[in-house]
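Spelled out, the chains give:
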Amino acid sequence: LNKAMLKGEMSRELTAGEQIVAAIGAGGTSAVIGGPLELIMIQQQRKGGSLLSAASQISSYGTSMWTRGLTMTALREGVYTGGYLGVTPVIRELLQKSFPSWNEEGCRAIGSVCGGLFACYLSHPCDTIKTCIQGDIEGAKFKTHSSTVSTLLSEGG
């Protein structure tokens, strides 16, 4: 579906940019399911209890509470997936075309390292912000994304 939406046709390969954007879009879309599940998990870690008790407590704050941290979850998942399903194969293919004498597995390894670094370092800030926001559903310390960033920076993190 992403391939058809990006290209408008099915007779050509995706460009490197299209491949990365498709991967980012797929990862970001997964946040719709992953975000609320992670909210439950984080609340269980903080307060204990069962899956149902955590879900009930979250719901007691209103249905909009289920979207708490969703933007950062989508950004984190988009960047992470963009790294391993987008950047990794793009770098591998670029290396194989640029250096045809190189070993295919070596190109794959270099692509994996580049994609992994992209995914790891660029998704980590989003994950930290998301975890703070989802861990504080009361909003006592972490109310919004921007205030969370300010709080973390003022605390040295």
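Residues numbered from 1 in each chain as written. Predicted model: local features only at pLDDT ≥ 70, side-chain atom pairs only at ≥ 80, totals over all residues. Heavy atoms only, no water.

**So, the overall build of the chain**
And step 1. Of regular secondary structure, the chain possesses six helices and zero strands.
And step 2. Radius of gyration (C-alpha) of the chain: 19 Å, far over the 15 Å computed for a compact globule of 157 residues.
And step 3. For the C-alpha atoms alone, the extent of the chain along its principal axes is close to 60 × 40 × 30 Å.
And step 4. Each of the 157 residues in the chain was classed as buried or not, and the buried ones make up 36%.
And step 5. Of the contacts formed within the chain by residues at least 6 apart in sequence, a portion of 64% connects residues at least 24 apart.
And step 6. Surface exposure of the chain reaches about 9,000 Å², of which carbon and sulfur atoms provide 65%.
And step 7. Each charge sign in the chain was given a centre, from 13 positive and 12 negative side chains, and these centres are 4 Å apart. (Helix = DSSP H or I, 4+ residues; strand = E, 2+ residues; numbered from the N terminus. Rg over C-alpha atoms; globule rule 2.2 N^0.38 Å. Buried < 20%, exposed > 50% of the residue type's maximum accessible area, 1.4 Å probe, protein only. Contact = heavy atoms within 4.5 Å. Areas by Shrake-Rupley, 256 points an atom, 1.4 Å probe, with all protein chains shown as cover. Lys, Arg positive; Asp, Glu negative; His and termini not counted. Charge placed at Lys NZ, Arg CZ, Asp CG, Glu CD.)

**A few points about the side chain of T148**
And step 1. Here T148 lies in helix α6 (residues 145-154).
And step 2. From its side chain, T148 meets the backbone oxygen of T144 in a polar contact 2.6 Å long.
And step 3. When residues no more than four places from it in sequence are discounted, the contact partners of T148 are I129, C132, I133, F142 and K143. (Polar contact = N/O pair within 3.5 Å; in protein donor to acceptor, adjacent residues only side chain to side chain.)

**Section: the environment of G83**
And step 1. Locating G83 in the fold gives a position in helix α4 (residues 70-98).
And step 2. Expressed as a C-alpha distance, the spacing of G83 and G27, which sit 56 residues apart in the sequence, is 10.0 Å.
And step 3. The contacts of G83, once residues within four sequence positions are left out, are T88, G115, F118 and A119.

**Remarks on helix α3 (residues 51-59)**
And step 1. For α3, the full list of buried residues reads A54, A55 and I58. An end-on view of α3 places all buried positions within 100 degrees of arc, on one side of the element. (Arc of directions from axis to C-beta.)

**Brief notes about the packing of helix α2 (residues 16-47) against α3**
And step 1. Two elements in contact, α2 and α3, have axes separated by 9 Å at closest approach and are oriented at 105 degrees. The orientation of α2 with respect to α3, classified from their angle, is roughly perpendicular. Between α2 and α3, the contacting residues are L39, I40, Q43, Q44 and K47 on the first element and L51, A54, A55, Q57 and I58 on the second.
And step 2. Partitioning the contact of α2 with α3 into residue classes produces six nonpolar, three polar and one charged. (Axes fitted to C-alpha atoms, helices over the stretch in contact; angles between N-to-C directions. Parallel < 35°, antiparallel > 145°, perpendicular 65-115°, else oblique. Nonpolar A, V, L, I, M, F, W, Y, C, P; charged D, E, K, R; others polar.)

**Observations concerning the environment of C126**
And step 1. Turning to its location among the elements, C126 is positioned in helix α5 (residues 104-135).
And step 2. Each C-alpha atom of the pair C126 and A74 lies 8.9 Å from the other, and the pair is 52 residues apart in sequence.
And step 3. Discounting residues that sit within four places of it in the chain, C126 has contacts with M72, L75 and R76.

**Structural notes on α4**
And step 1. Taking 1.5 Å of rise per residue, the 29 residues of α4 would be expected to cover 42 Å, and the 40 Å separating its terminal C-alpha atoms lies within 8% of that figure.
And step 2. Within α4, the axis deviates most sharply at G83, by approximately 40 degrees. (Expected span 1.5 Å × (residues − 1). Bend = angle between axes of the 7 residues up to and from the residue.)

**Some thoughts on the pattern of salt bridges**
And step 1. Per the stated rule, a full pass over the model turns up eleven salt bridges.
And step 2. In this structure, E38 engages R76 in a salt bridge whose closest nitrogen and oxygen atoms are separated by 2.6 Å. Of the two residues, E38 is situated in helix α2 and R76 in helix α4; the sequence distance between them amounts to 38 residues. Across the pair, R76 and E38 agree in class, each one buried.
And step 3. One salt-bridge network, held together by shared partners, links E38, R76, E77, D127 and K130. (Salt bridge = Lys/Arg side-chain N within 4 Å of Asp/Glu carboxyl O.)

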